[in-house]
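Below, each chain spelled out in residue letters.
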Amino acid sequence: MPTIENRSHRSRKLNPRSHPKGAYEYNNPSEDAPWVKMGRRAMLERPESMLMADFPRITGPGDFANLGHDAGGSACLLAAGILDQKYEDSVVHSVDINFEGSKRINDLIDEFGASKIIRKCKGSTDEFAKVFQKRNQEFVFVFFDADHCYEAVVKDFKSYSQMVKIGGFVAFHDTHQDFSHRAVEDTVAKNSDWKERADLHVYTIRVFERVS
């Protein structure tokens, strides 16, 4: 039986959008501007796209995990940032239960030369957490944007946070939604190993740095 995501987070009645959003502007010093071409294809607001493309500069070289590939926009933005920083060995492990994608995104991935950087991991985030743990995988950044129900966000954080190196980062999308907000508050926000980077709270993306 294929894995099916809980889509209840899409209901505004079950999952109200009532929590604070961060800044709507973000200054990305990159010489390239992939977010201009990505636009709505990434399902991110403009400042969020700018931040995603800038994370490789913020984190430094290493491996990235993108949980929730969808059409591929977030993975492409991270890959574009890796290319912009000229990191030779960094890759994006992009996890999703399907990779239907879109021709436009795939064309952009090819245009940016990102196909060698993005590793498509078809399966649930839980399945690949076990795969990565067996490999002793280490990440400098994990983006949580898969199943947004409360239980799934909590489980994903507990599984993947232990693979983030000290000095690495995690980011959560759609934190204005009640499910995601409560999951963040009940996990990483209460964990002394993590420091909230309020300066990187951009629109609905909330960011934490591992400090110990």
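All figures in this text were calculated on a predicted structure; none of them were measured in a lab. (Residues numbered from 1 in each chain as written. Predicted model: local features only at pLDDT ≥ 70, side-chain atom pairs only at ≥ 80, totals over all residues. Heavy atoms only, no water.)

A. Representation of the overall build of the chain in the model. Per the secondary structure count, the chain includes 7 helices and 7 strands. In the chain, the order of α-helices and β-strands from amino to carboxyl end is α-α-β-α-β-α-β-α-β-α-β-α-β-β. Burial status across the chain gives 55% buried among its 212 residues. Counting only contacts in the chain whose residues sit at least 6 apart along the sequence, the fraction spanning at least 24 positions is 77%. (Helix = DSSP H or I, 4+ residues; strand = E, 2+ residues; numbered from the N terminus. Buried < 20%, exposed > 50% of the residue type's maximum accessible area, 1.4 Å probe, protein only. Contact = heavy atoms within 4.5 Å.)

B. Inspection of unusual backbone geometry at higher detail. Although it is not a glycine, lysine 86 sits at a positive phi angle of roughly 60°. Position of lysine 86 among the secondary structure elements: in the loop between helix H3 (73-85) and strand E2 (92-96). In this structure lysine 86 comes out as exposed when scored by relative accessible area, which is 66%. Here asparagine 136, not a glycine, exhibits a phi torsion of approximately 60°, which is positive.

C. Broad picture of the nonpolar core. With 29 residues, the main nonpolar core has Leu51, Met52, Phe55, Phe141 and Val207 as its most contacted residues. Of all the secondary structure elements, the ones that give two or more residues to this core are helix H2 (46-59), H3, strand E4 (139-144) and strand E5 (164-172). The greatest single-element share of this core, amounting to 6 residues, is contributed by H3. Sequence-distant contacts of phenylalanine 55, that is, excluding residues within four places in its chain, are made with Phe64, Leu78, Phe141, Ala171 and Val207. Counting 24 residues, the second-largest nonpolar core is a separate cluster that includes Ala129, Val154, Val170 and Phe208. (Core = buried A, V, L, I, M, F, W, Y, C linked by side-chain atoms within 4.5 Å.)

D. Region of the structure containing the packing of helix H6 (residues 150-160) against helix H7 (residues 178-186). Where H6 meets H7, the axes come as close as 8 Å, and the angle between the chain directions of the two elements is 35°. The handedness of the crossing between H6 and H7 is right-handed. Contacts between H6 and H7 pair Tyr150, Val153 and Val154 from the former with Phe179, Ser180, Arg182, Ala183 and Asp186 from the latter. Residue composition of the contact of H6 with H7, by class: 5 nonpolar, 1 polar and 2 charged. (Axes fitted to C-alpha atoms, helices over the stretch in contact; angles between N-to-C directions. Left-handed = near helix turned anticlockwise from the far one by under 90°. Nonpolar A, V, L, I, M, F, W, Y, C, P; charged D, E, K, R; others polar.)

E. A look at the pattern of salt bridges. Within the structure shown, the criterion is met by 9 salt bridges. Put simply, aspartate 178 and arginine 182 hold a salt bridge, and the shortest N to O gap is 3.0 Å. Taken together, the positions of aspartate 178 and arginine 182, both in helix H7 and 4 residues apart, correspond to about one turn of that helix. With a relative accessible area of 18%, aspartate 178 lands in the buried category. (Salt bridge = Lys/Arg side-chain N within 4 Å of Asp/Glu carboxyl O.)

F. Highlighting the sheet that holds E5. The 7 strands lie next to each other as E3-E2-E1-E4-E5-E7-E6, forming an open sheet whose pairing is mixed. A strand with exactly one partner marks an edge of an open sheet, and here the two such strands are strand E3 (118-122) and strand E6 (194-196). Looking at each pair of strands side by side, their axes are set apart by 20° on average, direction ignored. Pairing analysis gives 4 bridges linking strand E1 (residues 64-67) to E2, with the strands arranged parallel. Across the sheet, residue alanine 65 finds its bridge partner in E2, namely histidine 93. The strands touched by helix H5 (residues 125-134) within the sheet are E1, E2, E3 and E4, with E2 carrying the most contacts at an inclination of about 145°. (Pairing = 2+ DSSP bridges.)

G. Expanded view of the pairing of E1. The two faces of E1 match: Phe64 and Asn66 on one face and Ala65 and Leu67 on the other face are all buried. Between the parallel elements E1 and E2, the chain passes through H3 in a crossover that is right-handed. Pairing between E1 and E4: 4 bridges, direction parallel. Following the sheet pairing, leucine 67 is matched in E4 by phenylalanine 144. (Right-handed = clockwise from strand over helix to strand, strands pointing away.)

H. Looking closely at empty space enclosed by the protein. Using the criterion set out here, one finds 1 cavity of 30 Å³ or more in the structure. Its boundaries defined by the atoms lining it, the largest cavity holds a volume of some 70 Å³. It is H6 that contributes the most residues to the lining of the largest cavity, 3 residues altogether. Residues that form the lining of the largest cavity fall into these classes: 5 nonpolar, 3 polar and 3 charged. (1 Å grid on protein atoms, 1.4 Å probe; cavity = no way out; pocket = protein on both sides within 12 Å on 5 of 7 lines; lining within 4 Å. Points joined across faces, edges and corners; volume = space filled by probe spheres on them.)

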